[in-house]
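Read off the chains here:
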Amino acid sequence: MSSTPPPQALDPKTGRSGGDGERTAGDGAFGWLRALDPRGRRAFAGAFGGYALDSYDYFTLPLSMVALAAYFGLDSGQTGLLTTVTLVVSAVGGAIAGVVADRVGRVRALIITVTTYAVFTVACGFAPTYETLLVFRALQGLGFGGEWAVGAILVAEYASARHRGRTLGAVQSSWAVGWALAAVVYTVVFSVAGDDLAWRVMFWTGALPALLVLWLRRRVHDAPGATAVREGSTGRGSFAAIFKPGTATSPGLLRTTVFAGLLSTGVQGGYYTLATWVPTYLKSERGLSVVGTGSYLTFLISGAFAGYLTGGYLTDRLGRRRNIWLFALLSAVCIVAYANIPGGANTLLLVLGFPLGFCMSAIFSGFGSYLSELYPTAVRGTGQGFTYNTGRAVGAVFPTLVGFLADSWGVGGALIFGAIGYGIAALALLGLPETRGKELA
């Protein structure tokens, strides 16, 4: 009798066998990365780099906000409006990018979004007036809004159901990488240049993503299986499809779109409140220097990076909804605690920065996989782009409200408003299904 084992079927997505060897390769801390084929790894690298630089370009504004306010003579409401305009316009950019991704492909849409946010971030550095800066920042939002949704879909369509949460959580962790890079550059630039020049230099460094675009054009491709399904579908990239109500024979996507939009609004309202105002809070109310602020942000960003990776693991273990519920609660608690630390207790402020960054980032780790799994291939870009970026736009009201409230409540007191966002997110989950284990075409 022959001892040769029978041939094993190949996985149509990875081209590997489904035997014990593959199960072993999929285990361990980096099993999710080994489970990707070479094209999938390049897609992951492209999405990771694009989102890191997206983050870097975004944080040039919050980190430079004190210098900008002094240069243009702005009050808190006007400085908060810069962030709000960016995020509101990002909703338009994200929705457009989602449609483009469904119609012409994920990689092409990714290149367009990265190029857009890079060009207009650099333009911000040349702004002669507040009004010009506001316009450039709004246009930067067009690219900023679309990058994450497109990159997340690109990677989700390569990842297996077993590892999708961890894989997308790792992509999400690049936000902390870009944030850290911006904080390092901020510390160096504002230490060697006067504030009137330093904020301009920060924006000029936003040209970095142009290098990524050159690499994306040559090395990254859409997932073949998902591309075939998308190109063979009718009505792809259709807003009408994601707002279609259910019938007796078809569930429709209207309910999904409404509740996914609310979920995104709550989480991002809380997050952008913190991301926009914590640097100002540390400098204006806690009296920290540039270097001191950078040290405190190191703990916050380190917690964020660990949170993204941990949240990605937990979203696969606990499920999408349980992970978001858990960290919505913990994030709200951390905001209240962080904003009520008594004066002079700066060591406690430092220590609490880690769990604050951890919780408010871990909640995002499930977003890439969850939103991708809620929509079919033909409208995945449209659905994810619209709901995620509508959440950005509505959630963008939070930083502006904090800006206006800061004049009477103080920045620390106004930060508590961000906790309301996490309550909205928890309630939105009541209208959404669990999708863990769902296969994507």
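Relevant structure appears above.
Residues numbered from 1 in each chain as written. Predicted model: local features only at pLDDT ≥ 70, side-chain atom pairs only at ≥ 80, totals over all residues. Heavy atoms only, no water.

### A few points about the overall build of the protein
Along the protein, the regular secondary structure elements total 20 helices and zero strands. Counting the 441 residues in the protein, one finds 58% classified as buried. Counted over contacts in the protein with a minimum sequence separation of 6, partners at least 24 positions apart contribute 82%. Accessible surface computed for the protein: about 16,600 Å², of which carbon and sulfur atoms make up 67%. (Helix = DSSP H or I, 4+ residues; strand = E, 2+ residues; numbered from the N terminus. Buried < 20%, exposed > 50% of the residue type's maximum accessible area, 1.4 Å probe, protein only. Contact = heavy atoms within 4.5 Å. Areas by Shrake-Rupley, 256 points an atom, 1.4 Å probe, with all protein chains shown as cover.)

### Details of helix α14 (residues 320-339)
The first and last C-alpha atoms of α14 sit 29 Å apart over 20 residues, in line with the 28 Å expected at 1.5 Å per residue. Within the span of α14, buried status applies to Arg320, Arg321, Asn323, Ile324, Phe327, Ala328, Ser331, Ala332, Cys334, Ile335, Tyr338 and Ala339. Take α14 and look down its axis: the buried residues cluster within an arc of 165°, on one side only. Exposed and oriented more than 90 degrees from the buried face of α14 are Arg322, Leu329 and Val333. (Expected span 1.5 Å × (residues − 1). Arc of directions from axis to C-beta.)

### Here's the deal with the nonpolar core
Core analysis: the largest hydrophobic core is formed by 114 residues, its most contacted members being Trp175, Leu263, Tyr271 and Phe367. Per-element accounting of this core gives the leading share, 15 residues, to helix α3 (residues 38-72). Not counting chain neighbours up to four residues away, the residues in contact with Tyr271 comprise Phe59, Trp175, Trp179, Tyr308, Met360, Phe364 and Tyr422. (Core = buried A, V, L, I, M, F, W, Y, C linked by side-chain atoms within 4.5 Å.)

### As for the pattern of salt bridges
Taken as a whole and assessed by the stated rule, the structure comprises eight salt bridges. Across the salt bridge formed by Glu157 and Arg380, the nearest N and O atoms sit 2.9 Å from each other. Separated by 223 residues along the polypeptide, Glu157 in the loop between α6 (130-156) and α7 (164-192) and Arg380 in helix α17 (residues 380-395) bring together distant segments of the chain. Across this residue pair, the class does not change: Glu157 and Arg380 are buried. Of the charged contacts, one joins Arg320 and Asp316 as a salt bridge, the two residues approaching to 3.0 Å between their closest N and O atoms. A single burial state applies to Arg320 and to Asp316, both of which are buried. Taken together, the shared-partner salt bridges in this structure form one network comprising Arg164, Arg166, Asp316, Arg320 and Glu373. (Salt bridge = Lys/Arg side-chain N within 4 Å of Asp/Glu carboxyl O.)

### Let's talk about a nonpolar patch on the surface
A grouping of Phe239, Phe243, Leu254, Val258 and Leu262 is seen on the molecular surface, where their side chains present a nonpolar patch of about 380 Å² in accessible area. With three residues, the top contributor of residues to the nonpolar patch is helix α12 (residues 254-284). (Patch = residues over 30% accessible without salt bridge, like charges linked within 9 Å, V, L, I, M, F, W, Y side chains within 5 Å.)

### Section: the side chain of Thr113
With respect to the helices and strands, the residue Thr113 is situated in helix α5 (residues 106-124). Beyond its immediate sequence surroundings of up to four residues, Thr113 is in contact with Ala97, Gly143, Gly146 and Glu147.

### Some words on the packing of α3 against α7
Their axes nearest at 7 Å, the elements α3 and α7 cross at an angle of 40°. In terms of axis orientation, α3 runs oblique to α7. Considering only the axes of α3 and α7, their crossing is right-handed. Within the contact of α3 with α7, the residues separate by chemical class into 21 nonpolar, seven polar and one charged. (Axes fitted to C-alpha atoms, helices over the stretch in contact; angles between N-to-C directions. Parallel < 35°, antiparallel > 145°, perpendicular 65-115°, else oblique. Left-handed = near helix turned anticlockwise from the far one by under 90°. Nonpolar A, V, L, I, M, F, W, Y, C, P; charged D, E, K, R; others polar.)

### Focus: the side chain of Thr86
By secondary structure assignment, the location of Thr86 is in helix α4 (residues 76-104). A distance of 2.8 Å separates the side chain of Thr86 from the backbone oxygen of Leu82, its partner in a polar contact. A polar contact of 3.1 Å, which involves the side chain of Thr86, links it to the side chain of Arg137. Beyond its immediate sequence surroundings of up to four residues, Thr86 is in contact with Arg137, Gln140, Gly141 and Phe144. (Polar contact = N/O pair within 3.5 Å; in protein donor to acceptor, adjacent residues only side chain to side chain.)

### Some points on the packing of helix α16 (residues 367-374) against α17
At a minimum axis separation of 8 Å, α16 and α17 run at an interaxial angle of 130°. In terms of orientation, α16 and α17 fall into the oblique class. Here α16 and α17 pass one another in a crossing that is right-handed. Residues Phe367, Gly368, Leu371 and Ser372 of α16 lie in contact with α17, whose contacting residues are Arg380, Gln384, Thr387 and Tyr388.

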